[in-house]
Amino acid sequence: MTEQVISRSSSQEAVIQKDAKYVMQNYGRQQLVLESGDGCIVRDIDGREYIDCVAGIAVNNVGHSHPKLVEAIKKQAEKLIHVSNLYYTAPQAELAEKLVEITGMSRVFFCNSGTEAVEAAMKLARVKTGKTEFVAVEHAFHGRTMGALSITYKEIYRNPFKPLVQEEKFVTSNDAEAVANAITDKTAAVIIEPIQGEGGINIPSDAYLREVRRICDETGTLLIFDEVQTGFGRTGKWFCKEHSGVQPDIMTMAKAMGGGFPMGAIAAREGIAFERGQHAATFGGNPLACAAALASIDIIEEEGLLRHATEMGDYFMSRLKKISLEGVVDVRGRGLMIGVELDRKCADIVDFALQKGVLLNCTSEKVLRIAPPLIITKEQIDSVVAVLEQA
Ligand SMILES: *Cc1c(COP(=O)(O)O)cnc(C)c1O
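Residues numbered from 1 in each chain as written. Predicted model: local features only at pLDDT ≥ 70, side-chain atom pairs only at ≥ 80, totals over all residues. Heavy atoms only, no water.

**Student:** Give me helix α5 (residues 114–129): which residues, what numbers.
**Tutor:** Along its 16 residues, α5 runs 23 Å from first to last C-alpha, staying within 8% of the 22 Å computed at 1.5 Å per residue. Restricting attention to buried positions, one finds in α5 the residues Gly114, Thr115, Ala117, Val118, Ala120, Ala121, Met122, Leu124 and Ala125. Backbone nitrogen of Glu116 and a side-chain oxygen of the N-cap are separated by 3.3 Å at the start of α5; the cap is Ser113. Downstream of α5 by one or two residues, Gly130 has phi in the positive range, about 70°. (Helix = DSSP H or I, 4+ residues; strand = E, 2+ residues; numbered from the N terminus. Expected span 1.5 Å × (residues − 1). Buried < 20%, exposed > 50% of the residue type's maximum accessible area, 1.4 Å probe, protein only. Polar contact = N/O pair within 3.5 Å; in protein donor to acceptor, adjacent residues only side chain to side chain.)

**Student:** Break down the sheet that holds strand β11 (residues 328–334) for me, with residues and values.
**Tutor:** Read from one edge of the open sheet, four strands run β11-β12-β15-β14, paired in antiparallel fashion. Two strands bound the open sheet, and with one partner strand each, they are β11 and β14 (361–363). Geometrically, the sheet is characterised by an average inter-axis angle of 30° between neighbouring strands, direction not taken into account. Bridging between strand β12 (residues 337–342) and strand β15 (residues 367–370) involves four bridges; their strand directions are antiparallel. Following the sheet pairing, Glu341 is matched in β15 by Val367. (Pairing = 2+ DSSP bridges. Axes fitted to C-alpha atoms, helices over the stretch in contact; angles between N-to-C directions.)

**Student:** Residue-level account of the packing of aromatic side chains, with values.
**Tutor:** Tallying each qualifying case throughout the model produces four aromatic pairs. Ring centres of Phe109 and Phe274 lie 5.7 Å apart, and the angle between their planes is 75°; on these two criteria the pair is classed as edge-to-face. Remark: Phe274 occurs in the loop between β10 (264–268) and α11 (287–302) and Phe109 occurs in strand β4 (residues 107–111); sequence separation between them is 165 residues. According to the relative accessible area criterion, Phe109 is buried, its value standing at 16%. Centre to centre, the rings of Tyr153 and Phe170 are 5.2 Å apart; their planes meet at 85°, and the pair counts as edge-to-face. Highlighted residues: Tyr153 in the loop between α6 (146–150) and α7 (155–158) and Phe170 in strand β6 (residues 170–171), separated in sequence by 17 residues. Look at Phe170 and you get buried, because its relative accessible area is 17%. Above the ring of Tyr157, the side-chain terminus of Arg144 is found at 3.7 Å from the ring centroid. Sitting over the ring of Tyr315, Lys378 keeps its end group 4.8 Å from the ring centre. (Phe/Tyr/Trp six-rings, centres within 6.5 Å; stacked < 30°, edge-to-face > 60°. Lys NZ or Arg CZ within 6 Å of the ring centre and 35° of its normal.)

In structure tokens form, the structure reads like this:
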């Protein structure tokens, strides 16, 4: 790969200044204005290329602007974009059928983002159990709306917005006894990410998840898996729950669902469903989003991306375990959801990689998150590893 020295060009500067003036400054962003992409590559507005190991935060699983995804969106947009849920559309019914097939659940509800999926799961758990509280896990991230925020661990996210939907009720990760002790007669559900994404790529054991399932069954508590980040092939399976074989009562999905088109959903087992009037979303399951999701699922199937993600993930992790990057505490992951934990903050490495043409990001400050499109090749992985070796 050629050396790229990033200085803010006048075209990038103009965009960044306009943002500084007109957009609320709630994001800490890289000094980079992106314009186009294909496959695992994105290009900035000056034409420099980057290997994308962020994938829009585990969203662009089928790569950037996949021709089949673009074609499906174009075709649907020409026909019908939105009509609301006052009417039926074929793409929504078709996608629901497909999701039931790949989740093994019974029915779905459509929304537009991860946090909305978590809100829907919380409402469904409350209305089905008549109970109000949720047990969540330390370092969990479930979103930023008031309900999801109540079960998100980071105090800096939560504290400025109190009172929330409930007081803190977090248990140590990977400790089934802690879950059993936290459940009371007010507990509607236990919510778990089968791999924590924002919390630092933390992988609970399969035995723990199975034990939590047993505890939930015994106490009549619902089990919710938040698969917003782990879904749609990210870990080498359609959903991460397949690794442990544990079937939750409700699961959330979003991020990669529409291949980059905003979309979210929950799926629930037989007997757990909203009834008329209990929940709604104006845009939820609109034909354009559904066409994007159907195309994205098709691509994952046709291109064998579940297997490819497993193979490339194993290759990536084996290469990462061998490099002599100073201060590496741990390399862990499943499929192409990989974390490299350091003994220090990793912002410097992210900046260095950007200079060298690789997009990375840190999660939980000390963990480099590697979540490229599932179509990444060995050659691209080698280039990324070479950059990390220099870091
Ligand atoms: C990203 C994420 C969310 C929130 O999704 P948004 O689309 O940003 O609202 C919720 N849960 C998990 C596990 C996530 O990774």
